[in-house]
Amino acid sequence: MPTPSRRTVPCDAVLTNGRNRIAYNILRSLGKAGLRVAYGTDAEGGMGEYSRFAQATFRHPSHSSDEQQFVEAVRQKILQYEPRVYLPTSEEIFAVARHLDRFTDLGVRIPISPHSILERLENKQSANELARALGLAVPASITPGSREEIHRFARHHGYPVVLKKCHSSSALDVHFLRKDMSERDLAALISADGWQAGQYLVQAWVQGETYGVSLLMNHGETRARFVHRRLREMHFSGGPSTTRISARHPVIEAQAERLLAAVKFHGVAMVEFRCDPATNQAWFIEVNPRFWGSVGLAINAGMDFPRLLFQLAVAGDIEPTFDYRMNYRCRWLLGEMAGIASEIKATGRLAPALDLFRLPDGYDDFYADDPLPFLAGLVAQPWHKFRRRNPR
């Protein structure tokens, strides 16, 4: 797909890793606030390249394939566009945090936590340990040293159990292990060095609904807070949410704030919980110490995290804000199609297909005032899959 042309002018903000709807919603937020945004993507491009809110677009190396080249490329773009603020939008935040000293001479503000804090929260094992030390309920868990340990744990706590990588933000690395799973299938899920390196976490499955508490923190002090409840996920067994609704939940709001305050977190994060409405029991699950997949819901419901983060970075502090529209239902349209297909396949029922005709309050990948990014996403998804299956 061709890269649209943008002329080079000074900008207020630079974004990177802009392939998906997370970065696109951040771009929309800042652009609608009247800010000039330079929007960066890796070699395969992204939705925001085709948005009317992008003042400039550029390509950068992938942070995962060549971290040093990625950092140097971003340095050069910051020199070129002279932004007041640089916002990593996704997983590249860890690369940026590891090399923060490379940006100190550029005069740009980067409102993120030190790498040691991001690492502690992103690692599911250390995040669980922190949550447990603070008195939060955490599902029973182990870091297994053998397949037999997994079976022994499951026999004690009951099937299914959840297997996940300690370092992962992808649903592809989360699996539900059932009693009838074969040894061959289980072995295929775990890499050869997984037993010794503590790469995996096994947790007891807990009943309930999935909630997210999203926070903007200023060195451990809460400046914005938003809660959502998941209504559907991309995979029937779990994964990223495709439809969610804004909510309130004072118990987990307080717990999430206590967790991030304990490490003096700076920037934005989403803390995930499982809550059983029958017993009001809540379990801590994990932390995304960066922008999260459903950030578009928060923005559309009135809690504009990207704009608030920009203001915090520029001014040094902002007034706390906690008001947003309740029961606002937002859908990731392309993900919802996959989620419904997964549910139909798992249950054999066609009824979930009717949900596509129950219109939500808004979408986070389709906007009538800026339709080209959605259309580009329709083309880009199969193109990205083709490129991964047919590398040069």
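Quick caveat: nothing in here was measured; it's all calculated off a predicted structure.

Bringing the packing of helix 4 (residues 115–122) against helix 5 (residues 124–133) into the picture now. Two elements in contact, helix 4 and helix 5, have axes whose closest approach is 5 Å; the angle formed by their N-to-C orientations is 85 degrees. In terms of axis orientation, helix 4 runs roughly perpendicular to helix 5. On helix 5, the residues touching Glu 119, Arg 120, Leu 121 and Glu 122 of helix 4 are Lys 124, Ser 126, Ala 127 and Leu 130.

This brings us to empty space enclosed by the protein. Rolled over the atoms, a probe as big as a water molecule pinpoints where empty space is left. Evaluated as defined, the whole model comprises 3 cavities of 30 Å³ or more. Each pocket or cavity is described by its volume, and for the largest cavity that value is around 90 Å³. Along its surface, the largest cavity is lined by 15 residues, and Ile 93, Pro 111, Ile 112, Val 268 and Leu 309 are the ones closest to its centre. For the lining of the largest cavity, the elements supplying multiple residues, two or more each, are strand 4 (85–88) and strand 12 (267–276).

Once that is clear, we can look at a nonpolar patch on the surface. Judged by side-chain polarity, Leu 372, Leu 375, Leu 378 and Val 379 come together as a nonpolar surface patch covering roughly 350 Å² of accessible area. With respect to the secondary-structure elements, Leu 375 resides in helix 13 (residues 372–389). Here Leu 375 falls in the partly exposed class, since its relative accessible area comes to 44%.

Bringing the environment of Leu 260 into the picture now. By the secondary structure assignment, Leu 260 is in helix 9 (residues 250–262). With 143 residues separating them along the chain, Leu 260 and Ile 117 place their C-alpha atoms 9.6 Å apart. Each residue touching Leu 260, except ones within four places of it in the same chain, is listed here: Leu 121, Leu 215, Met 217, Phe 265, Ala 269, Val 271 and Val 287.

Of all 5 residues that make up strand 2 (residues 37–41), 5 are buried, and the element is covered over most of its length. As defined by bridge partners, strand 1 (residues 13–16) adjoins strand 2 across 3 bridges and the pair is classed as parallel. Counterpart to Ala 13 in the pairing with strand 2 is Val 37. Once you follow strand 1 into helix 1 (residues 21–32) and on to strand 2, the crossover reads as right-handed. Alignment of strand 2 against strand 3 (residues 56–59), held across 4 bridges, turns out to be parallel. Looking at strand 3, one finds that Gly 40 is bridged to Phe 58.

The 4 strands are arranged 5-8-6-7 in an open sheet whose pairing can be described as antiparallel. Pairing within the sheet leaves two strands with one partner each, and these edge strands are strand 5 (141–142) and strand 7 (174–177). As defined by bridge partners, strand 5 adjoins strand 8 (residues 200–204) across 2 bridges and the pair is classed as antiparallel. By the bridge assignment for strand 8, Ile 142 is matched with Val 202. Contacting strand 5, strand 6 (161–165) and strand 8, helix 5 crosses the sheet at an angle of about 45 degrees to strand 8.

Hydrogen bonds between backbone atoms are what pair the strands of a sheet, whose relative direction is either parallel or antiparallel. A sheet is described by the order of its strands in space; here 4 strands give the open sequence 3-2-1-4, paired in parallel fashion. Of all strands in the sheet, those bounded by a partner on one side alone are strand 3 and strand 4. Averaged over all adjacent pairs, the angle separating strand axes in this sheet is 20 degrees, with direction ignored. On top of the sheet, helix 2 (residues 67–81) reaches strand 1, strand 2, strand 3 and strand 4; it is set at about 155 degrees to strand 3, its chief contact.

For the rest of this paragraph, the subject is the side chain of Glu 253. Residue position: Glu 253 is located in helix 9. The residues contacting Glu 253, other than those within four sequence positions of it, are Val 213, Arg 225, Val 227 and Arg 248.

Let us now look at helix 12 (residues 333–347). With 15 residues, helix 12 ought to run about 21 Å at 1.5 Å a step, and its terminal C-alpha atoms sit 21 Å apart, in line with that. Where helix 12 is concerned, the buried positions are Leu 333, Leu 334, Gly 335, Glu 336, Gly 339, Ile 340 and Glu 343. Gly 348 sits one or two positions beyond helix 12 and adopts a positive phi of about 75 degrees.

Here we take up helix 6 (residues 147–157). By the burial criterion, the buried members of helix 6 are Ile 150, His 151, Phe 153 and Ala 154. Looking straight down helix 6, one finds that the buried residues subtend no more than 160 degrees of arc, so they occupy a single side. Opposite its buried face, helix 6 presents the exposed residues Arg 155 and His 156, each directed more than 90 degrees away. Backbone geometry just after helix 6 places Gly 158 at a positive phi near 95 degrees.

Another point: the confidence of the model for the protein chain. Keep in mind that low pLDDT regions are not for reading the predicted coordinates in detail. Across the protein chain, the average pLDDT comes to 90, with 92% of residues at or above 70. Under a pLDDT of 50 for its full length, residues 1–6 has, in the predicted model, 19 contacts with residues more than four places off or in other chains. Per-residue pLDDT stays below 50 along residues 388–392; that stretch engages in 1 contact with residues further than four places along the chain or on separate chains.

Time to look at the packing of aromatic side chains. Following the criterion strictly, the structure yields 9 aromatic pairs and no others. Relative to Tyr 324, the ring of Phe 226 lies with its centre 4.5 Å away and its plane at 55 degrees, an arrangement referred to as tilted. Taken together, the positions of Phe 226 in strand 10 (residues 221–235) and Tyr 324 in the loop between helix 11 (305–315) and strand 14 (329–331) put the pair 98 residues apart, joining distant regions of the chain. Residue classification places Tyr 324 among the buried residues on the basis of a relative accessible area of 11%. Seen in terms of ring centroids, Phe 366 and Phe 374 are 5.4 Å apart; in terms of plane orientation they differ by 75 degrees. Their pairing is edge-to-face. Taking relative accessible area as the criterion, Phe 366 reaches 30% and is therefore assigned partly exposed. Phe 374 gets classed as buried once you look at its relative accessible area, which sits at 11%. The structure contains a cluster of three or more aromatic residues connected by ring pairs, namely Phe 291, Trp 292 and Phe 305. Note that Arg 225 overlies the ring of Phe 322, its terminal NZ or CZ placed 4.3 Å from the centroid.

Calculation rules
Residues numbered from 1 in each chain as written. Predicted model: local features only at pLDDT ≥ 70, side-chain atom pairs only at ≥ 80, totals over all residues. Heavy atoms only, no water. Axes fitted to C-alpha atoms, helices over the stretch in contact; angles between N-to-C directions. Helix = DSSP H or I, 4+ residues; strand = E, 2+ residues; numbered from the N terminus. Parallel < 35°, antiparallel > 145°, perpendicular 65-115°, else oblique. Contact = heavy atoms within 4.5 Å. 1 Å grid on protein atoms, 1.4 Å probe; cavity = no way out; pocket = protein on both sides within 12 Å on 5 of 7 lines; lining within 4 Å. Points joined across faces, edges and corners; volume = space filled by probe spheres on them. Patch = residues over 30% accessible without salt bridge, like charges linked within 9 Å, V, L, I, M, F, W, Y side chains within 5 Å. Areas by Shrake-Rupley, 256 points an atom, 1.4 Å probe, with all protein chains shown as cover. Salt bridge = Lys/Arg side-chain N within 4 Å of Asp/Glu carboxyl O. Buried < 20%, exposed > 50% of the residue type's maximum accessible area, 1.4 Å probe, protein only. Pairing = 2+ DSSP bridges. Right-handed = clockwise from strand over helix to strand, strands pointing away. Expected span 1.5 Å × (residues − 1). Arc of directions from axis to C-beta. pLDDT = per-residue confidence, 0-100. Phe/Tyr/Trp six-rings, centres within 6.5 Å; stacked < 30°, edge-to-face > 60°. Lys NZ or Arg CZ within 6 Å of the ring centre and 35° of its normal.

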